[in-house]
Amino acid sequence: MKKVTFFCVNYNSYDFAERFLHSVDCAAMQVPDVDIEVCIGDNTTENWKELDMQNYPHVQVQFFPYHQNLGYLGCILRMMADRNWADATNSDFVVFSNVDLTIDPQYFVELQRAHLPEDVAWVAPDVYTPRLNRHDNPFMMTRPTQMSFIKWELMYACPFLFGLLEKIYNRKTSQRQNPSSIMPIYAGHGSIMMFTGAFLSRHINLQFPSFMYAEEIYMAELVRSDGLKAYYVPMLRVENVGEASTGLLGNRWKCSQKIKSLRIIKKIFDFRNE
């Protein structure tokens, strides 16, 4: 492993961004032979400010002050296009993430040690959210069916029902025992998605067809179409705050966006045979 590049999104979360950069810098210090680069796209539209790039001696930091809300993958893919796609994917691993999380100091050390299968395209770390006492990965074990989309749309059609079911889900998953070894999954959690540069280099100038949500399914389908796989890798640890930005927008907005994205993705990919 020679290079890891992060493409991260900031939206009204500058304090989290600084904490995130500090965690990456601490982890990078453990692997001086690995080139770590962090690109941060700023979707903040009002009261924006610059980040101090001088406090992180072990990583290269580049700031993209878009100051318009491009969505999650929209912002990431804009950065990759502005960087030049070939250059952006010229890394062993490319990470898509929010900034309201921190990575473990041994993250890159464990990544170097991990014996990943040859067909890996997506590496899903152990993402722990303390406020929910929940491990967000493995996120999706199997490919969704048409019935899955019907159930999701019914749930998101009623924001109150969504909020109730979300609380039940959080309570149920807080008691889940996480797998302790590397295993294949359908999709990892969207808060941090790490792909091989080789996989992303096959999808030049990729465009996400919606504004936000269901990014995990979209990327999982691209991985699947390439005959590759996503793998949960529990020794890679991340601590997630979660919804630092979207939590301010309320369930009604989230549900409407989720329905839009699911309908678009269902049209693009064929889930009839699942």
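Residues numbered from 1 in each chain as written. Predicted model: local features only at pLDDT ≥ 70, side-chain atom pairs only at ≥ 80, totals over all residues. Heavy atoms only, no water.

Undergrad: For this particular structure, what's the right way to read the overall build of the chain?
TA: Broken down by element type, the chain carries 9 helices and 10 strands. Overall size of the chain, expressed as C-alpha extent along the three principal axes, is 50 × 45 × 40 Å. For the chain, contacts bridging at least 24 residues in sequence account for 83% of all contacts bridging at least 6. Summed over its atoms, the accessible surface of the chain is roughly 12,900 Å², and 50% of this surface lies on carbon and sulfur atoms. (Helix = DSSP H or I, 4+ residues; strand = E, 2+ residues; numbered from the N terminus. Contact = heavy atoms within 4.5 Å. Areas by Shrake-Rupley, 256 points an atom, 1.4 Å probe, with all protein chains shown as cover.)

Undergrad: Could you clarify how one ought to interpret the environment of Q257 in this entry?
TA: In this fold, Q257 is placed in helix α9 (residues 250–268). Classification of Q257 by relative accessible area gives buried; the value is 10%. Each C-alpha atom, one on Q257 and one on F269, is 19 Å from the other, the two residues being 12 residues apart in sequence. Excluding anything up to four places from it in sequence, Q257 contacts F211, M212 and Y213. (Buried < 20%, exposed > 50% of the residue type's maximum accessible area, 1.4 Å probe, protein only.)

Undergrad: What is the right way to look at the packing of helix α5 (residues 146–156) against α9 in this model?
TA: Each pair of packed helices gets described by two things: the angle between the helix axes and the distance between those axes. It is at 9 Å that the axes of α5 and α9 come closest, and there the two elements cross at 160 degrees. When the interaxial angle is binned, α5 and α9 end up roughly antiparallel. The handedness of the crossing between α5 and α9 comes out as left-handed. Across the interface between the two elements, F149, W152, E153 and Y156 from α5 touch C255, K258, I259, L262, R263 and K266 from α9. (Axes fitted to C-alpha atoms, helices over the stretch in contact; angles between N-to-C directions. Parallel < 35°, antiparallel > 145°, perpendicular 65-115°, else oblique. Left-handed = near helix turned anticlockwise from the far one by under 90°.)

Undergrad: Looking at this structure, how should I read the pairing of strand β1 (residues 3–10)?
TA: Look at any regular strand and the pattern is simple: side chains alternate between the two faces of the sheet. Buried residues dominate β1, accounting for 8 of its 8 residues. Sheet topology places β1 next to strand β2 (residues 35–42); 8 bridges connect them, and they run parallel. Each bridged residue has a counterpart across the sheet, and for V9 the counterpart in β2 is G41. Here β1 pairs with strand β4 (residues 93–98) via 6 bridges, running parallel. Note on β4: the bridge partner recorded for V4 is F93. (Pairing = 2+ DSSP bridges.)

Undergrad: Help me understand the pattern of salt bridges, please; the structure alone is not making it clear to me.
TA: If charged atoms from side chains of opposite charge come close, those side chains can pair. Evaluation of the coordinates by the stated rule reveals 11 salt bridges. As a salt-bridge pair, R263 and E153 come within 3.0 Å of each other at their nearest N and O atoms. Placement of the pair is R263 in helix α9 and E153 in helix α5, with a sequence separation of 110 residues. Here the residues in one salt-bridge network are K3, E37, R83 and D87, joined through shared partners. (Salt bridge = Lys/Arg side-chain N within 4 Å of Asp/Glu carboxyl O.)

Undergrad: Got a minute to help me understand the side chain of S97 in this structure?
TA: Looking at the element boundaries, S97 is found in strand β4. The buried category is assigned to S97, whose relative accessible area is 0%. Beyond its immediate chain neighbours, meaning those up to four positions away, S97 contacts F7, C8, V9, F20, Y72, I76, S191 and I192.

Undergrad: Explanation requested: the environment of Q30 in the structure shown.
TA: Mapped onto the fold, Q30 is located in the loop between α1 (14–28) and β2. Taking C-alpha positions, Q30 is 33 Å from L222, a pair spaced 192 residues apart along the chain. In this structure, Q30 is in contact with P105, Q106 and V109, ignoring residues within four places of it in sequence.

Undergrad: Teacher, can you tell me more about the pairing of strand β9 (residues 192–196) here?
TA: Burial analysis of β9 places 5 of its 5 residues in the buried class, the great majority of the element. Of the pairings in the sheet, the one linking β4 to β9 comprises 5 bridges and is antiparallel in character. The residue bridging F93 from the neighbouring strand is T196, located in β9. Pairing geometry for strand β6 (residues 120–129) and β9, over 2 bridges, is antiparallel. Within the sheet, the bridge partner assigned to V123 lies in β9 and is M194.

Undergrad: What should I look at first to understand unusual backbone geometry in this one?
TA: For residues besides glycine, phi is generally negative; the peptide bonds are generally trans as well. Residue N137 is joined to P138 through a cis peptide bond whose omega torsion reads 0 degrees. Tracing the sequence through the fold places P138 in the loop between β7 (134–135) and α5. A positive phi angle, near 55 degrees, is found at N47, a position not held by glycine. Within the element layout of this structure, N47 appears in the loop between β2 and β3 (60–64).

Shape descriptors only; they carry no functional weight alone.
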